[in-house]
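# Coordinates in review
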Amino acid sequence: MDKLLEVKGLKKYFPIKGGFFNTTVAYLKAVDDVSFYINKGEVLGVVGESGCGKSTTGRAILRLHEPNAGEVIFEGVDICKLKGEAMRKKRRDMQLIFQDPYSSLNPRKTVGDIVEEPILVHENIGRSERTERVKELLQLVGLSPYHIRRYPHEFSGGQRQRIGIARALACNPKFIVCDEAVSALDVSIQAQIINLFEELQEKLNLTYMFISHDLSVVRHISDRIFVMYLGKVVEMAQSEELFKSPIHPYTQALLSAIPIPNPRKKSTRIMLEGDVPSPVNTPEGCVFRSRCRYCMDICKKEIPQFKNIGNEHYVACHLVDK
Amino acid sequence: MEKLLEIKDLKTYFYTEDGVVPAVDGVSFYVKAGETLGVVGESGCGKSVTATSVLRLIPNPPGKIMKESQITFDGKDILKLTEKEMRKIRGNEISMIFQEPMTSLNPVYKIGDQISEALILHQRMSKKEAWEKSVEMLRLVGIPMPEKIADEYPHSLSGGMRQRAMIAIALSCNPKLLIADEPTTALDVTVQAQILDLMNELKNKVNASIMMITHNLGVVAETCDRVIVMYAGKVVEEGDVYSIFEDPKHPYTIGLLNSIPSEYSRGKKLDSIKGSVPNPLNMPKGCRFWPRCNKAMPICREKEPDIIKLGEERTVSCFLYGMEGDAK
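Residues numbered from 1 in each chain as written. Chains lettered and ligands numbered in written order. Predicted model: local features only at pLDDT ≥ 70, side-chain atom pairs only at ≥ 80, totals over all residues. Heavy atoms only, no water.

### Focus: the environment of Pro15(A)
Residue and element names in this part refer to chain A. Topologically, Pro15 is positioned in strand β1 (residues 3–18). Residue Pro15 is classed as partly exposed on the basis of its relative accessible area of 41%. Sequence-wise, Pro15 and Ala86 are 71 residues apart; in three dimensions their C-alpha atoms are separated by 28 Å. (Helix = DSSP H or I, 4+ residues; strand = E, 2+ residues; numbered from the N terminus. Buried < 20%, exposed > 50% of the residue type's maximum accessible area, 1.4 Å probe, protein only.)

Set out below in structure tokens:
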């Protein structure tokens, strides 16, 4: 399959200011040396606990956060090197859907204005054509053309998320980053939106990067999944393979913690001790070693390599070498 | 087993400028001593209002618990108690864990002081005794170095630790009933697993009943003995956890269970419930679920269904059942 997007050694450090002259005293390593790829027409799921850098990764590849280092190759072009107009043109192909449908829509604009704006910016077409296009988009996401004159507050959470999706689709993008796009919704509405994502993918031949902390949702929608912990990718594999035979101790613990909606199945949990360490002073060596059951001497010294163990299954753990 | 808490025909209405919102409209259920009752439903179905009504924490105005409602806790009629008597119950016999561990602790008091507060008020302990008990409670909920943490302020604790501290406060006076309102929603899965295990363990230790309010059906399956399902201010189904998950009766419960993605759902369309929750100012006539129901019949639009008893501790509120002969 063709790779639509390839990310190599992506880094995003946020400076922490302090001291008398407000100098940079430390760096928060939100994304630290992350590499992965997404094939055309594929859904790549990104999972991890809060603060692990999944959202920052999603934003850094769209250059909403300027990456500190690394390459983001989209359709053969390193977009980190693009400037001005060239980058602006590229943004048409890459869109983002946000988590909170309540704060991501401007309350003073009508739905028509919100969905029309990207078309206004990127495409040179007349007003009546634009309105036609907006109406088409609203129908595509399951709303009605007469909603065009309404304001966001008149809609429920699920409907607002549909507006956000219509806006993302306005310029016929190739790639969409869904950042916790269904997390704020109720279960029954969540199922509607997940179905909509899948329908749209088939219809418009989209590629998604689906970021979520809800593992059962990610499992349902993704072809491949990568697991992040403290700014690093610890494991990446085909969706089913990852759930059936997770290799990294963190993935194992994470998967065993999902509550199963079946009262007769009592899950055997692998309990993780303590909390995620602060991303400002990460442990030396393997980032997970402070909570790992199998921590060895080597884990304290060397950072494990992220390697392919066959069948496109990548793991970063010293246990694999043994 | 005896009933610790019994709620009969609870109606909590809010009188707003736009009209009357019947947030909880004729809810009846009970919690037995030592059991965990799950209260499931989507946002706006009245789960949290039911819980706050039990503690009489509904802001009045605009909220009002209607006259015909009855809440009996441990033989006492909660709605007839004076405010002074009520204060003796809150935090002492019934305590509550809130959803947001970030906002439900006071940022300017030390953790130890916040646990001590309840102990000094309800158990008449001296400051020193209360502080020692607080440290002990923190140890019980699995906080490392409890002596040191008791002397810290909430901002230096992580989300999971704060929720543990909240549980320590809630359990400090050995309550008979613990109301947990979405206790793990704001937490990550690995921390959620820790907290759920902790609650199960502590429930057996202090022999309290738990009313677990949640929208996460996985959490319900793992922790609860009995479940009530709420929709738009009403209880639509009640039963033990096995029958709810294995033999759900109400179309809403069935829809809810089918809409969770599982290991078998990949590549298939999820069964979603069409539409969204009705506007509480403008509830549909008849059964409140009919506009979204895939089995709606003409009668559903006309009349509200009665609560039909299907068996011991098993009820459903739907016209599909109870009619002799033609029930499926």
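### What about the interface of chain B and chain A?
Listed as interface residues are 41 residues of chain B and, on the opposing side, 42 residues of chain A. Summed over both sides, the interface between chain B and chain A buries roughly 3,500 Å², with carbon and sulfur atoms accounting for 51% of that surface. It is Thr190(B), Glu222(B) and Arg266(B) that lose the most area in chain B upon contact with chain A, and together they represent 19% of the buried surface on that side. Remark: the boundary between chain B and chain A carries four salt bridges. (Contact = heavy atoms within 4.5 Å. Buried area = accessible area lost by both parts, 1.4 Å probe. Salt bridge = Lys/Arg side-chain N within 4 Å of Asp/Glu carboxyl O.)

### Topic: the packing of aromatic side chains
Residue and element names in this part refer to chain A. If you walk through the whole model with that rule in mind, you get 13 aromatic pairs over all chains. With 6.1 Å between their ring centres and 45° between their planes, Tyr13 and Tyr27 make a pair best called tilted. With Tyr13 in strand β1 and Tyr27 in strand β2 (residues 23–39), the pair connects residues that are 14 residues apart, well separated along the chain. Residue Tyr27 is classed as partly exposed on the basis of its relative accessible area of 42%. Note on Tyr229 and Phe288: the rings are 5.0 Å apart at their centroids and 85° apart in plane angle, and the pair reads as edge-to-face. Pair noted here: Tyr229 is in strand β9 (residues 224–229) and Phe288 is in the loop between α9 (249–256) and α10 (297–301), with a separation of 59 residues, a long-range link. Here the aromatic residues Phe197, Tyr208 and Phe210 are joined through ring pairs into a cluster of three or more. For the cation-ring pair, Arg224 lies above Tyr37, with the distance from its terminal atom to the ring centre recorded as 4.2 Å. (Phe/Tyr/Trp six-rings, centres within 6.5 Å; stacked < 30°, edge-to-face > 60°. Lys NZ or Arg CZ within 6 Å of the ring centre and 35° of its normal.)

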